[in-house]
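# Understanding the architecture of this molecule
Given next are the chains, with one letter for each unit.
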Amino acid sequence: MAGKRIIPMVATIENQGQLMRGDFDSHDGEETIFVLEGRVELCLEHYEPVILEPGDCAYFDSKVEHALRALDAPARVFWACTHIDAPQ
């Protein structure tokens, strides 16, 4: 689709240790995450971490620093974010 503003993807999130400040990212746009398999921890600046399990969904402003990690084993998520450079 020409001029699309949403980038949809299925991503594998790896299991890793505790998230560190360098693991966080922020950028223009919005994001939504829907957990397909496994459990993930979503960390957003100014909020307590949230554990998401299969069927759970989160939606947030990408300008807020954020990071995601799998718990227990690699997880699969449907992830959609708005394209930063997309024409309006």
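Residues numbered from 1 in each chain as written. Predicted model: local features only at pLDDT ≥ 70, side-chain atom pairs only at ≥ 80, totals over all residues. Heavy atoms only, no water.

The next thing to look at is the pairing of strand S5 (residues 66-82). Here strand S1 (residues 6-13) pairs with S5 via 8 bridges, running antiparallel. In the sheet register, Ile 6 faces S5, and the bridge partner there is Thr 82. Examined bridge by bridge, strand S2 (residues 30-44) and S5 share 12 bridges and lie antiparallel to one another. Within S5, the residue paired with Glu 31 across the bridge is Cys 81. (Pairing = 2+ DSSP bridges. Helix = DSSP H or I, 4+ residues; strand = E, 2+ residues; numbered from the N terminus.)

Right, let's get into the pairing of strand S4 (residues 57-61). Two faces belong to every sheet, and in a regular strand the side chains alternate between them. Only one face of S4 is covered, namely the face carrying Ala 58 and Phe 60; the face carrying Cys 57, Tyr 59 and Asp 61 is uncovered. Pairing geometry for S2 and S4, over 5 bridges, is antiparallel. Residue pairing across strands places Thr 32 opposite Tyr 59, the latter belonging to S4. (Buried < 20%, exposed > 50% of the residue type's maximum accessible area, 1.4 Å probe, protein only.)

Below, the discussion takes up the state of the cysteines. Going through the model one piece at a time under the given rule, you end up with 0 disulfides. No disulfide involves Cys 43; its sulfur sits 17 Å from the nearest other cysteine sulfur, which is in Cys 57. Note on Cys 57: no disulfide assigned, nearest cysteine sulfur contributed by Cys 81 at a separation of 14 Å. (Disulfide = S-S within 2.5 Å.)

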